[in-house]
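# Fold and geometry: a report
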Amino acid sequence: MITALYVVHVLGAVIWVGGMVFAMAVLRPAAHAALEGPQRLALMQGVFARFFRVLYHVVPILILTGWAMLFGWYRGFGASIWHVHLMHAAGLVMAAIFGFVAFVPWRRMRAAMETGDRPAAAAALETIRKGVLVNMVIGLGTVAVATWGRFSG
Ligand code: HEM
């Protein structure tokens with residue numbers, strides 16, 4: 001059981017962090033190079049609609065499997081597993097940032113796209129970009145800390 005939780009947890013981390021790296025480091029610069037503003041906005045709206053739909057499932061699964069391992073296997077906060085405590089804190093910060101992005105600028109962007117207000121949509125997309133970028137950096141750091149801590153005793 002613990003092995004299955006572990007596999008699902010790490011797959012969740014791969015999907016979330018890998019998706020953010022792809023969006024920020026690959027897709028966005030390619031879209032800037034190839035597309036004009038309006039097409040770029042439409043593309044990024046489609047991209048985030050799909051990516052966020054995936055994350056609405058993956059983020060709760062990542063946190064719940066993390067808690068199941070922490071409280072079910074390691075017996076909670078008392079265990080001396082510094083990398084898990086750091087991962088736990090970082091995971092909650094990342095989830096809060098994702099929640100903000102999904103509920104504030106992402107909503108604003110969709111509303112602006114519906115009314116054809118491109119400057120407002122672009123401003124909201126910029127806030128989404130910053131949120132995803134911050135989460136990408138925290139996420140990469142978290143994976144580094146989690147994997148480093150596991151074998152450093
Ligand atoms: C509520 C938040 C989280 C909790 C409670 C949690 C808990 C855990 C636990 C208990 C393990 C097993 C650690 C071990 O046996 O050494 C683990 C592994 C792992 N977690 Fe998390 N995690 C959380 C969030 C995250 C996030 C947000 C990421 C990535 C961005 C992540 C990435 C990983 C990775 C890569 C491993 C495998 C490396 C390792 O075993 O240490 N976790 N997590």
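As the structure is a computational prediction, the values presented were derived from the model and not from experiment. (Residues numbered from 1 in each chain as written. Predicted model: local features only at pLDDT ≥ 70, side-chain atom pairs only at ≥ 80, totals over all residues. Heavy atoms only, no water.)

## Some thoughts on the layout of surface pockets
Each pocket or cavity is described by its volume, and for the largest pocket that value is around 800 Å³. Taken together, 31 residues line the largest pocket, and the ones lying closest to its centre are His9, Val10, Met69, Met87 and Ala146. For the lining of the largest pocket, the secondary-structure elements that each account for two or more residues are α1 (2-34), α2 (37-72), α3 (82-103) and α5 (118-151). Broken down by element, the lining of the largest pocket gets its largest block of residues, ten residues, from α1. Of the residues that constitute the lining of the largest pocket, the class distribution is 20 nonpolar, ten polar and one charged. Quantified by volume, the second largest pocket comes out at close to 220 Å³. The wall of the second largest pocket is formed by 13 residues, among which Arg28, His32, Arg40, Ala122 and Leu125 lie closest to the centre. For the lining of the second largest pocket, the elements supplying multiple residues, two or more each, are α1, α2 and α5. (1 Å grid on protein atoms, 1.4 Å probe; cavity = no way out; pocket = protein on both sides within 12 Å on 5 of 7 lines; lining within 4 Å. Points joined across faces, edges and corners; volume = space filled by probe spheres on them. Helix = DSSP H or I, 4+ residues; strand = E, 2+ residues; numbered from the N terminus. Nonpolar A, V, L, I, M, F, W, Y, C, P; charged D, E, K, R; others polar.)

## Things to note about the coordination of the iron atom of the ligand
Note on the iron atom of the ligand: its protein donors are His9 (NE2) and Met87 (SD). The metal-donor distances range over 2.0 to 2.1 Å. Relative to the metal, the six donor atoms surrounding the iron atom of the ligand lie at angles of 79 to 180 degrees, and the coordination shape comes out octahedral. With histidine 9 in helix α1 and methionine 87 in helix α3, the pair connects residues that are 78 residues apart, well separated along the chain. The exposure class of histidine 9 is buried, given its relative accessible area of 13%. (Donors = N, O, S within 2.8 Å, 3.2 Å for Na, K, Ca; no water. Tetrahedral: all angles 85-135°; square planar, octahedral: opposite > 155°, others 65-115°. Buried < 20%, exposed > 50% of the residue type's maximum accessible area, 1.4 Å probe, protein only.)

## Comments concerning empty space enclosed by the protein
Here the structure, examined in full by the defined rule, presents one cavity of 30 Å³ or more. Lining the largest cavity are Trp16, Met20, Phe51, Phe52, Leu55, Phe98, Val101, Val132 and Asn135. Contributing elements (two or more residues each) for the lining of the largest cavity: α1, α2, α3 and α5. Ranked by residue count, the leading element in the lining of the largest cavity is α2, at three residues.

## Considerations on the side chain of arginine 129
If you trace the backbone, arginine 129 turns up in helix α5. Side-chain polar atoms of arginine 129 contact the side chain of glutamate 126, separated by 2.8 Å. (Polar contact = N/O pair within 3.5 Å; in protein donor to acceptor, adjacent residues only side chain to side chain.)

## Considering the pattern of salt bridges
The final tally for this structure, using the stated rule, is two salt bridges. Glutamate 126 serves as the salt-bridge partner of arginine 129, at 2.8 Å between the closest nitrogen and oxygen. Of the two residues, arginine 129 and glutamate 126 both sit in helix α5, three residues apart, roughly one turn of that helix. We classify glutamate 126 as partly exposed; its relative accessible area is 28%. (Salt bridge = Lys/Arg side-chain N within 4 Å of Asp/Glu carboxyl O.)

## A look at the UniProt feature "transmembrane region" (unreviewed entry) in the chain
With numbering aligned to this structure, UniProt lists the feature "transmembrane region" (unreviewed entry) at residues 6-27, 54-74, 86-106 and 132-151. End-to-end, the C-alpha atoms of residues 132-151 are 29 Å apart, and along that stretch the chain is 100% helix and 0% strand. (UniProt positions renumbered as here; feature names shortened; annotations may be inferred.)

## Considerations on the nonpolar core
Formed by 30 residues in total, the largest nonpolar core has its most connected members in Trp16, Met20, Phe48, Phe52, Leu55, Met109 and Ile128. Broken down by secondary-structure element, the contributors of at least two residues to this core are α1, α2, α3, α4 (105-115) and α5. Sorting elements by how many residues they give to this core places α2 first, with ten residues. Look past the residues within four positions of methionine 20 in its chain and what remains in contact with it is Phe51, Met94, Val132, Asn135 and Met136. (Core = buried A, V, L, I, M, F, W, Y, C linked by side-chain atoms within 4.5 Å. Contact = heavy atoms within 4.5 Å.)

## Thoughts on the site of the ligand
Around the ligand, a shell composed of 23 residues is seen, among which Tyr6, His9, Tyr74, Met87 and Arg150 lie nearest. Within the side chain of histidine 9, one N or O atom sits 2.8 Å away from a nitrogen atom of the ligand. A distance of 2.7 Å is found between an oxygen atom of the ligand and a backbone nitrogen or oxygen belonging to alanine 146. More than half of the atoms of the ligand fall within 2 Å of the grid points belonging to the largest pocket. Elements that contribute at least two residues to the shell around the ligand include exactly α1, α2, α3 and α5. Considered class by class, the residues forming the shell around the ligand number 15 nonpolar, seven polar and one charged. (Near = heavy atom within 4 Å. Sits in = over half its atoms within 2 Å of the grid points.)

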